[in-house]
Structures are given as C-alpha cells and as structure tokens.
Amino acid sequence: MNSELQMNLLRRQNLGDSLRRSARAAPNKPAVIFHATDGASQTCTYAQLNAMVNAVANSLLRRGVRKGDRVAALSRNGIPMLALGYALHKIGAWLVPVNFMLQPHDVQHLIEFAEAKWFFVEDALLGNVDAVLGKLGCVEQFVQFGAAAPRKGWLRFDALLDGPATEPEVCIDSDDVAAMFFTSGTESAPKGVLSTHANFHAAHLSWSFNYGLSQDDRLLVSIPLIHMAGYLFSTLGVANQVTMVMTQTPQPVQMIDLIAQYRLTAAALPPTLYVAMLSCPNFKTRDLTSASKMLTWASTIPKAMVDGWKAASPALRFYSGQGSSESTAGPLTGGYFSSWADLPNGDGRWVGRPMSFAADVRLVDEDGNDVGIGESGEQIVRGPVVMKGYYKNEEANRRVFRDGWFHTGDILFRDAAGNHFFADRKKDMIKTGGENVYCQEVESVLGAHAAVMQCAVFGMPDERWGEAVTAAVIPRPGVAVTEAELIEFCRSRLPGFKAPKHIHFRSSLPISAANKILKRDLKAEYAQAVKAG
C-alpha cells in the first residue's frame, strides 16, 4: 500500500527535487562558484549544496515553519540566499524575496502585505530595515545572513545548519506556490506574483528546449536573485547541472574578469549590463572568446552592444527572449542571432518567435480580435508558465485574466515570417499631437546611430503636443554628436511626429535592481529641471 507521501513523490514537480537529482547525478561537480564584491570566493558542489539545503529545511521544520508559510529574504546574491530558497521549496513554504534597494517603509509594507513569518536579512543590509524592525509584528523570527554577530533575539543563518542532511518528507503538490516575487514597480506599486513549482518546471523546460543550456555550459549569474529572472536562471542552472559563477551584485569589471577566468560560455543579462561592460577598461584586454550563448531581454537591443561583443567573441550568438515575472521568466518568444545583420529588418526590438512548450501567444486589439501582420496588439498568453495569480489582489486578477487568457500589457507586432517585435508596455505609450508613439520604436532607430551607446525614450508634458517625445542618450566614448544630428537621423527614418523633440546627453541612466531603465525617474528629473527653470 502506497502512503500519501509516496504517491506525492511519485510524479510531482518540485524545485527541491530537481536539486536532489542533480546532486545525485553530479555530486562532486561545482554547482556555484561565488565571488563577493570584496574579492572573497567560495565554491559549493552539488552534493554540498543539497546537504546544506536539507539541513536548513529540517531545521526550519523543527522550529515550526510549515507548508504555506511566507518566509521573506532581503539579501544580495550568495550561496546562503540560494540555499534558503531551495530549503523552503523542500518543505512547501513560500520564498518571498524583497528588493534591497527599497526604502525602509517600502520594506515594511511588503513584509506586512506578505504576512511573513520569518525574515532573513543580510548583515550588510540591516540599515535598510532598522527604522521599521519594531513595526513588523507578523515576523516571529529574524535571521541574519553573514559573519557578523547576530542581534539580540536573532539567529545567524549558520545556526540553521544543525539540522540533519536527510531529505525532508513533506507532501507538496506541483500547483502549490513555490515563491512570491514582487513585480519591479517600474510603472506602479509592486504586485505579489504567485509562481508554482509547476510554473518553474515549465519555464525550465522551455528554456532548455529553446535556449539550449547544457551540462557543459558555465553560466554567469549576476542579476539579483531577489528578482524573478535572476532566481529562474539560477534554478535553471541547477536543473541542468551546470556550473554557475555567481557575483554578489552586477559589477561589470568583475563580470568581465570572471568570464575570462572561468571561460564562461553563457550569461543572462539585460542590455544595460552588456553595454556597461563595453565601457570597462578590461573589456578589450581580457580573452572573452569563450562567450558563445549570451541571453538578453528587457529593452531594445542597441547596435553598439552587438558590435562590441561580436568583436570580443566572433563565435558568440545572442539569444533575445521575452517574458515577465507573471510568465515565471519563461520565454514567450525568443530566438538566436549572430550579428546585427541577422536581426530581422535590422530592428533591435526583435524578440524572436513564439517558443515551444511555454505558452500560446496571440496579439489582439482592444476588442480581443487578432491583429493583422504589421499591426500592433496586446500580447495575451496561456500555458504552463503563467502564474497562479497576484496575491491578495482580485481586482488586478480580474483585469489580467480574461476570456481564458492572461493579458500581459505588452504591445508587440509581427511580420509575415512570424518574427515578433516588442513595441512597448501599454502604459509607456506616448500620446503626442493625437498620435500614439511606441518608445521602443524610437529607441530602435536612435540606438542604431553610430554615436549612440544607449538610449531611453519617454514622454514629457508639453503644452502644444500633450506629450513631447524625449530621449536620454549615452554617447559612445570618444564620439562627438549633437542633438540636432540625432533628431535629423530619426526624422529621416521615422514619421516626423515620432522623432524626439528633445534629446538630453548623459553619462548614465537610472536603473532598478533588476537593471531595467527607470523611465519614471528620468521623467521626474527633467520635470524638476523644467520647474526650476
């Protein structure tokens, strides 16, 4: 007679199980080689990682953490952060990562909203929460990551390693929540995305089928684990038994050195970081020819990025993918390209074609009708990567789950060959002189100029036009260009109303912890400048 646990283990999909299997298949293979910003490093094999995870999981069970409990974590990347996530997956508790760039009152709001029972905080980030610690009544136990002595009443993470290294025995269904990641809040207040073990499993399969990460690859993990993309790619690495080289934070000079030192073959980074590395002094002095499958997403692909990396590694191929936290960072569309000339129509907004396994994809108008070739429409999807829903937000759930489809809020268009191009977020569209302008269309043109390293396009209030198309530009080093030249360049390739009315030159752009460009900060900065005269 099979027990309930035996039947559960027989066919369930669980993130913790994937670590156990990788540890048995490749026990002595390095799972994570971690490099801190201060130069310290640590290597952890698959067997060691699984033993650590089991010890923490059993210790948490003994201390009263149960299936469905919310456990929050405020930390930069590190082996303990990854181990905590897997420990929670093995006992059915929810991992709730919190952005370490938030202000204390924002941290308080998210902890209370999640009703977190335990709260793990990296010792270097205690200042982020000091002001609100006394207000977090829902938290029963605080835990400190790091070597510093724990505060009174707190536990050190190392204290949780006292549990047995045996596999925890907890019934967990594939459709149970594994994690609650908060959306980045680049447009509005963050929402809690409920992602199940089955969601992660489907995202892993889709990336493995389409991106093609193999056991022989060596993967750079630098984007924060507190964001869905960073966590998804670290768990994908574990599921594929690759060796991951992980940095504490995305430090471009350090990332270049590590690619060269470990002959890394793969990375998953937004364009902002690939571009940032181009400007580093060691980019042209290190051997980066091992880089062969570099994944990117989140914004228009700049020509400078492609040209610079191809010069460093001629055999490199880029993979442009498109998804979201709500799709468990699974690829809704994607595809490889080898050079700027390979991009369909020479358009940096290209995000590939619909991927196998992840989801069905449609582009629809406001009435839910499929749009024609070349017409922009909202992307709606259905499939195993789609989240369970937003936590405690039925209004948002009703808005995005309609007629059996998840409405992403992303605007795309496609050509006759099935290539998909990202036009914009629905909320980012500029309305100027009665016309609609998609920011990424302008960014794609502006980013193709030989003098432009990186750019961001957004709308600014304007008495005549309603909104004026405005651009912030980082020029390529050593290249001179004027505002008039760039505006004329855009006018020669776009209808006049889509060309920027104003261009601001900058040395950097504001970015989030997920390395997405924060256009709201640009708008606020320039609005304040106008107000100040």
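Please refer to the structure higher up on the page.
Quick summary incoming for the structure in this document. (Residues numbered from 1 in each chain as written. Predicted model: local features only at pLDDT ≥ 70, side-chain atom pairs only at ≥ 80, totals over all residues. Heavy atoms only, no water.)

As for the sheet that holds strand β2 (residues 41-45)
Stage number 1. Spatial ordering of the open sheet is given by β2-β1-β11-β10-β12-β13-β14-β15-β16, a layout of 9 strands whose pairing is mixed. In the strand order of this sheet, the two ends are held by β2 and β16 (353-354), each with one partner.
Stage number 2. Pairing geometry for strand β12 (residues 266-268) and strand β13 (residues 293-296), over 3 bridges, is parallel. Among the inter-strand pairings, Ala268 is bridged to a residue of β13, identified as Leu295.
Stage number 3. Strands β12, β13 and β14 (317-322) of the sheet are contacted by helix α9 (residues 271-278), whose axis makes an angle of about 125° with β13.
Stage number 4. In this fold helix α10 (residues 303-312) packs onto β13, β14 and β15 (333-337), with an angle of close to 145° to the strand it touches most, β14. (Pairing = 2+ DSSP bridges. Helix = DSSP H or I, 4+ residues; strand = E, 2+ residues; numbered from the N terminus. Contact = heavy atoms within 4.5 Å. Axes fitted to C-alpha atoms, helices over the stretch in contact; angles between N-to-C directions.)

Things to note about the layout of surface pockets
Stage number 1. By volume, the second largest pocket amounts to about 530 Å³.
Stage number 2. Lining the second largest pocket we find 25 residues, and of these Phe34, Gln42, Pro80, Gly146 and Gln248 sit closest to its centre.
Stage number 3. Those elements that provide at least two residues to the lining of the second largest pocket are β2 and α4 (79-91).
Stage number 4. In terms of residue count, α4 provides more of the lining of the second largest pocket than any other element does, 3 residues in total.
Stage number 5. Considered class by class, the residues forming the lining of the second largest pocket number 12 nonpolar, 7 polar and 6 charged. (1 Å grid on protein atoms, 1.4 Å probe; cavity = no way out; pocket = protein on both sides within 12 Å on 5 of 7 lines; lining within 4 Å. Points joined across faces, edges and corners; volume = space filled by probe spheres on them. Nonpolar A, V, L, I, M, F, W, Y, C, P; charged D, E, K, R; others polar.)

Quick word on the side chain of Asn240
Stage number 1. Structurally, Asn240 can be placed in the loop between α7 (228-239) and β11 (243-247).
Stage number 2. A polar contact is formed between the side chain of Asn240 and the side chain of Ser208, at a distance of 3.3 Å.
Stage number 3. Beyond its immediate stretch of four places on either side in the chain, Asn240 contacts Ser208, Leu213, Ser214 and Gln215. (Polar contact = N/O pair within 3.5 Å; in protein donor to acceptor, adjacent residues only side chain to side chain.)

Description of the packing of helix α2 (residues 15-25) against helix α3 (residues 46-62)
Stage number 1. Closest axis-to-axis distance for the α2/α3 pair is 8 Å, and the angle between their directions is 140°. Relative to α3, α2 is oriented so that their crossing is left-handed. Facing α2, whose interface residues are Leu19, Arg20, Ser22 and Ala23, α3 presents Tyr46, Ala47, Leu49, Asn50 and Val53. (Left-handed = near helix turned anticlockwise from the far one by under 90°.)

A closer look at the packing of helix α6 (residues 197-210) against α7
Any two packed helices are characterised by how steeply their axes cross, that is the angle between the axes, and by the distance between the axes.
Stage number 1. Contact geometry for α6 and α7: axes closest at 10 Å, N-to-C directions at 70°. On the basis of their axis angle, the class for α6 and α7 is roughly perpendicular. For the pair α6 and α7, the contacting residues are Phe200, Ala203, His204, Trp207 and Ser208 in the first and Met228, Tyr231, Leu232, Phe233, Thr235, Leu236 and Ala239 in the second.
Stage number 2. In terms of residue class, the contact of α6 with α7 is made up of 9 nonpolar, 3 polar and no charged. (Parallel < 35°, antiparallel > 145°, perpendicular 65-115°, else oblique.)

Considering the pairing of strand β4 (residues 94-97)
Stage number 1. Judged by which residues are buried, β4 turns out to be covered on both faces: Trp94 and Val96 on one side and Leu95 and Pro97 on the other are all buried.
Stage number 2. The pairing of strand β3 (residues 70-74) with β4 spans 4 bridges and is parallel. Looking at the pairing, Val71 lines up with Leu95 of β4.
Stage number 3. Crossover β3 to β4 through α4 is right-handed. (Buried < 20%, exposed > 50% of the residue type's maximum accessible area, 1.4 Å probe, protein only. Right-handed = clockwise from strand over helix to strand, strands pointing away.)

Regarding the environment of Leu232
Stage number 1. Mapping Leu232 onto the fold places it in helix α7.
Stage number 2. In contact with Leu232, not counting residues within four places along its chain, are Phe200, Ala203, His204, Trp207, Thr328 and Ala329.

Here's the deal with empty space enclosed by the protein
Stage number 1. On inspection of all chains with the given rule, the structure shows 1 cavity of 30 Å³ or more.
Stage number 2. Its volume calculated, the largest cavity comes out at about 30 Å³.
Stage number 3. Lining the largest cavity we find Leu219, Leu220, Val221, Ile223, Phe233 and Ala268.
Stage number 4. For the lining of the largest cavity, the leading source of residues is strand β10 (residues 218-221), giving 3 residues.

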